[in-house]
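Take a look at the letters that make up each chain.
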Amino acid sequence: MIRKKLIAGNWKMNKSAGDGATLVKDIVDEIGRETSVEVVVCPPFTALESVAKALEGQAVKLGAQNFHHEKSGAYTGEISAEMLRALYVTHVILGHSERRTYFGETDAFINKKVITALASQLKPILCVGETLAEREAGSTLSVVQTQLEGGLKGVALDQITTVVIAYEPVWAIGTGKVATTAQAQEVHAFIRDLLTKLYGAPLAQKVRILYGGSMKPSNAAELLAEKDIDGGLIGGASLEAKSFVELVKAAAAAN
Ligand code: PGA
């Protein structure tokens, strides 16, 4: 198995510190020390500490949904990599389409965070994906290429396998409209080809490319069976233990 499947839960702006701890307890009770799949949960900042405590001694890892690339200083409302590391955070979602759309994050800004994350022992989960208008205009692949090349600028050969890519078609996020397996696989293969051009085949083969956008237990097996789909970045279905655990099990079965 060249790439271990990865299931990451993006809780977005949901779950208090208490509710988050309860949710992860329910998850670990069900999956135990499942090690054939890498599992990451990404609560909001305010639940990181309680969730970290609930995960002590467990294989499930902790991710954040964002951070600021500066070390410290006058950045009201922001959180640094060091602050996340102090809470045992290992992963961070970067470039999510909601941050691009609602908070104006550009590829250049996202790239600064990718570089800082890697220098701070945080594994970036770099999100890319086209809007419905872009897909209908036939520009899906060029949009994904621009976001990927922009986000990965300056990422060295010895760093690329630490990066996780998440392909999330914006039109499929939270809409219930999942990409067909063929649509998803086409873009995943394109991303793998781009990584091959940038970093060479042996490294590109090791990078995990997750699918995100209305992934749920009913469609996961089919998506995860595709050759270049190495896991999922899960929004809605990560908010309940039952559906999230089923997704982890689907990933284990697809290994
Ligand atoms: P969804 O969200 O699973 O609710 O579509 C995925 C995401 O935004 O990461």
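Everything numeric here is computed off the predicted structure, so don't read it as measured data.

As for the site of the ligand
Around the ligand lies a shell of 13 residues, among which Lys12, His96, Glu168, Gly174 and Ser214 are the nearest. At a separation of 3.5 Å, an oxygen atom of the ligand approaches a polar side-chain atom of asparagine 10. In isolation the ligand exposes 280 Å². Once the protein is present, 95% of that is buried.

Notes on the nonpolar core
By size, the foremost hydrophobic cluster in this structure holds 69 residues, and its most contacted members are Val41, Leu152, Ile165, Ile191, Leu195 and Tyr211. Among all residues touching leucine 195, those that are not within four sequence positions of it are Leu148, Leu152, Ile160, Gly200, Ala204, Val207 and Ile209. Counting residues in each nonpolar core, the second largest holds 11 residues, with Ala8, Val40, Cys42 and Ile125 among its members.

Quick notes on unusual backbone geometry
Backbone geometry places lysine 15, a non-glycine residue, at a positive phi of 85°. Among the structural elements, lysine 15 can be located in the loop between strand 1 (5-10) and helix 1 (17-31). Look at lysine 15 and you get partly exposed, because its relative accessible area is 29%. A positive phi angle, near 60°, is found at glutamine 121, a position not held by glycine. Among the structural elements, glutamine 121 can be located in the loop between helix 5 (107-119) and strand 5 (123-128). On the basis of relative accessibility, which here comes to 54%, the residue glutamine 121 falls in the exposed class.

Quick look at the sheet that holds strand 4 (residues 91-94)
Pairing in this closed barrel of eight strands is parallel, and the strands run 1-2-3-4-5-6-7-8 around the ring. Going from strand to strand, the sheet's axes swing by 25° on average, the running direction of each strand aside. Pairing of strand 4 with strand 5, which is carried by four bridges, proceeds in the parallel orientation. Its bridge partner lying in strand 5, leucine 94 is registered against leucine 126. Sitting on the sheet, helix 8 (residues 181-199) is in contact with strand 5, strand 6 (164-167) and strand 7 (209-212), with an inclination near 150° to strand 7.

Topic: the layout of surface pockets
Considering only enclosed or pocket space, the largest pocket measures out at about 480 Å³ in volume. For the largest pocket, the lining is made up of 17 residues, of which Lys12, Met13, Gln65, Arg99 and Phe103 are closest to its centre. Grouping the constituent residues of the lining of the largest pocket by class yields seven nonpolar, six polar and four charged. The volume enclosed by the second largest pocket comes to roughly 250 Å³. In terms of residue count, the dominant contributor to the lining of the second largest pocket is helix 2 (residues 48-54) (three residues). Of the residues in the lining of the second largest pocket, the class split is eight nonpolar, three polar and four charged.

With respect to the pairing of strand 5
Where burial is concerned, most of strand 5 is hidden: five out of the six residues are buried. With four bridges connecting them, strand 5 and strand 6 associate as parallel partners. Pairing of leucine 126 across the sheet is with isoleucine 165, part of strand 6.

Points about the side chain of arginine 192
Among the structural elements, arginine 192 can be located in helix 8. A relative accessible area of 3% means that arginine 192 is categorised as buried. Within polar-contact distance, the side chain of arginine 192 engages the side chain of aspartate 230 at 2.9 Å. When near neighbours in sequence (up to four residues on either side) are disregarded, arginine 192 contacts Arg3, Ala204, Gln205, Val207, Ile209, Asp228 and Asp230.

A look at the environment of proline 43
With respect to the helices, strands and loops of the structure, proline 43 is situated in the loop between strand 2 (37-42) and helix 2. C-alpha of proline 43 to C-alpha of asparagine 14: the two residues are 29 residues apart in sequence and 7.6 Å apart in space. When sequence neighbours within four positions are dropped, the list of residues in contact with proline 43 reads Trp11, Leu48, Val51, Leu62, Gly63 and Gln65.

Reading the values: rules and limits
- Residues numbered from 1 in each chain as written.
- Predicted model: local features only at pLDDT ≥ 70, side-chain atom pairs only at ≥ 80, totals over all residues.
- Heavy atoms only, no water.
- Near = heavy atom within 4 Å.
- Polar contact = N/O pair within 3.5 Å; in protein donor to acceptor, adjacent residues only side chain to side chain.
- Areas by Shrake-Rupley, 256 points an atom, 1.4 Å probe, with all protein chains shown as cover.
- Core = buried A, V, L, I, M, F, W, Y, C linked by side-chain atoms within 4.5 Å.
- Buried < 20%, exposed > 50% of the residue type's maximum accessible area, 1.4 Å probe, protein only.
- Contact = heavy atoms within 4.5 Å.
- Helix = DSSP H or I, 4+ residues; strand = E, 2+ residues; numbered from the N terminus.
- Pairing = 2+ DSSP bridges.
- Axes fitted to C-alpha atoms, helices over the stretch in contact; angles between N-to-C directions.
- 1 Å grid on protein atoms, 1.4 Å probe; cavity = no way out; pocket = protein on both sides within 12 Å on 5 of 7 lines; lining within 4 Å.
- Points joined across faces, edges and corners; volume = space filled by probe spheres on them.
- Nonpolar A, V, L, I, M, F, W, Y, C, P; charged D, E, K, R; others polar.

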